[in-house]
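# Report on the structure
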Amino acid sequence: DLARKLDKVGYGWEYIGSPETHEAKVAFFRSIDALSVPTDFQEPKGLYVLEAMANGVPVVEPAHGAFPEIVHATAGGLLVEPRNPQALADALVRLADLEPRLTLGRHAHRAVREHYSSERMARETLLAGSCSGRSGGISTWPAASGRSASRSPRTASAVSCRCPTRPSRRSR
């Protein structure tokens, strides 16, 4: 159905699907100049954006969900007004020029490794867990509130830091 609709538009396109292996995914990212998924859904994580950037591919994404945080942290892409096809087209045209595309791709590649590496996330998790002593510490809730973790559906979202220097997740 999608193929018939796109054939009517008359533009060249190729449906790739979801690469099944890491190597296939890397090959896909190396075959494109930029990535844009102009979703109306406010993506909470943006993993595919980080994957593209890790491969040096600049992105063009709507300015909502996780995208602004990722693009600002990496300087590896452009943000556009959501649901604005002209803004999207203008941003993609900007990336048709080699220099801006390569510059954003280099920023993306470097910054994803710097800000989003598994080593950094593990280190920050350990630092968050290094709170100790009478001044606070790490607690999990609902277990910390006296309820059995097995009876609560909220166990998975349950880390709270009570450091004097960091606000508790509960108080936010």
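Residue positions are given per chain, counting from 1 as you read along its sequence in written order. Predicted model: local features are reported for residues with pLDDT of at least 70 only, side-chain atom pairs are reported and counted for 80 or more only, and whole-chain, interface and lining totals are derived from all residues. Side-chain measures here rest on the full set of heavy atoms in the structure, leaving out hydrogens and waters.

## Comments concerning the confidence of the model for the protein chain
For clarity, the cut-off: Values of pLDDT, ranging from 0 to 100, describe the predictor's confidence in every residue of the model. When checking whether two residues touch, look at their non-hydrogen atoms; a contact exists if any pair is within 4.5 Å.
On average, residues of the protein chain carry a pLDDT of 78, and 67% of them reach 70 or more. Predicted confidence is poor over residues 133–172, with pLDDT under 50, and the contacts of this stretch with residues over four places away or in other chains come to 47 contacts.

## Examining the packing of aromatic side chains
The geometry of an aromatic ring pair is captured by the separation of the ring centres together with the interplanar angle, meaning the angle of the planes. Here is the rule we go by: Under the pairing criterion, centres of Phe, Tyr and Trp rings, with the six-membered ring standing for Trp, must be within 6.5 Å; the plane angle then separates stacked pairs below 30 degrees from edge-to-face pairs above 60, leaving the rest tilted. Note on exposure labels: buried denotes an accessible area under 20% of the residue type's maximum, exposed denotes more than 50%, and partly exposed covers the range between, all computed with a 1.4 Å probe on protein chains only.
In the structure shown here, the tally under the stated rule is 2 aromatic pairs. Between F28 and F29, the ring centres sit 5.3 Å apart and the planes meet at 55 degrees, which makes this aromatic pair tilted. The class of F28 is partly exposed, set by a relative accessible area of 21%. By relative accessible area, which is 5% here, F29 ends up buried.

## Some points on the packing of helix α3 (residues 47–54) against helix α4 (residues 67–74)
Formally: Interaxial angles span 0 to 180 degrees and are taken between N-to-C directions of axes, which are lines fitted to C-alpha atoms, for helices over the stretch in contact. A run of DSSP states H or I qualifies as a helix once it reaches four residues; a run of E qualifies as a strand once it reaches two. Both are numbered from the N-terminal end. In what follows, roughly perpendicular refers to angles from 65 to 115 degrees, roughly parallel to angles under 35, roughly antiparallel to angles over 145, and oblique to any angle outside these ranges. Crossings are classed by handedness, with left-handed meaning an anticlockwise turn of the near helix from the far one by less than a right angle and right-handed meaning a clockwise turn. For this classification, the nonpolar set comprises Ala, Val, Leu, Ile, Met, Phe, Trp, Tyr, Cys and Pro, the charged set comprises Asp, Glu, Lys and Arg, and every other residue, Gly included, is treated as polar.
Contact geometry of α3 with α4 gives a least axis separation of 10 Å together with a crossing angle of 20 degrees. In terms of axis orientation, α3 runs roughly parallel to α4. The chirality of how α3 crosses α4 is right-handed. Between α3 and α4, the contacting residues are Y48, V49, L50 and M53 on the first element and F67, I70, V71 and T74 on the second. Tallied by class, the residues present in the contact of α3 with α4 amount to 7 nonpolar, 1 polar and no charged.

## Looking at the pattern of salt bridges
Selection rule: The term salt bridge refers to a side-chain nitrogen of Lys or Arg lying within 4 Å of a carboxyl oxygen of Asp or Glu.
Under the counting rule described, the total for this entry stands at 6 salt bridges. In this structure, the salt-bridge partner of D40 is R83, at a minimum N-O distance of 3.8 Å. Taken together, the positions of D40 in the loop between α2 (22–30) and α3 and R83 in the loop between β2 (77–80) and α5 (85–94) put the pair 43 residues apart, joining distant regions of the chain. Note on D40: relative accessible area 48%, which makes it partly exposed. Between R106 and E99 there is a salt bridge whose closest N-O contact spans 3.5 Å.

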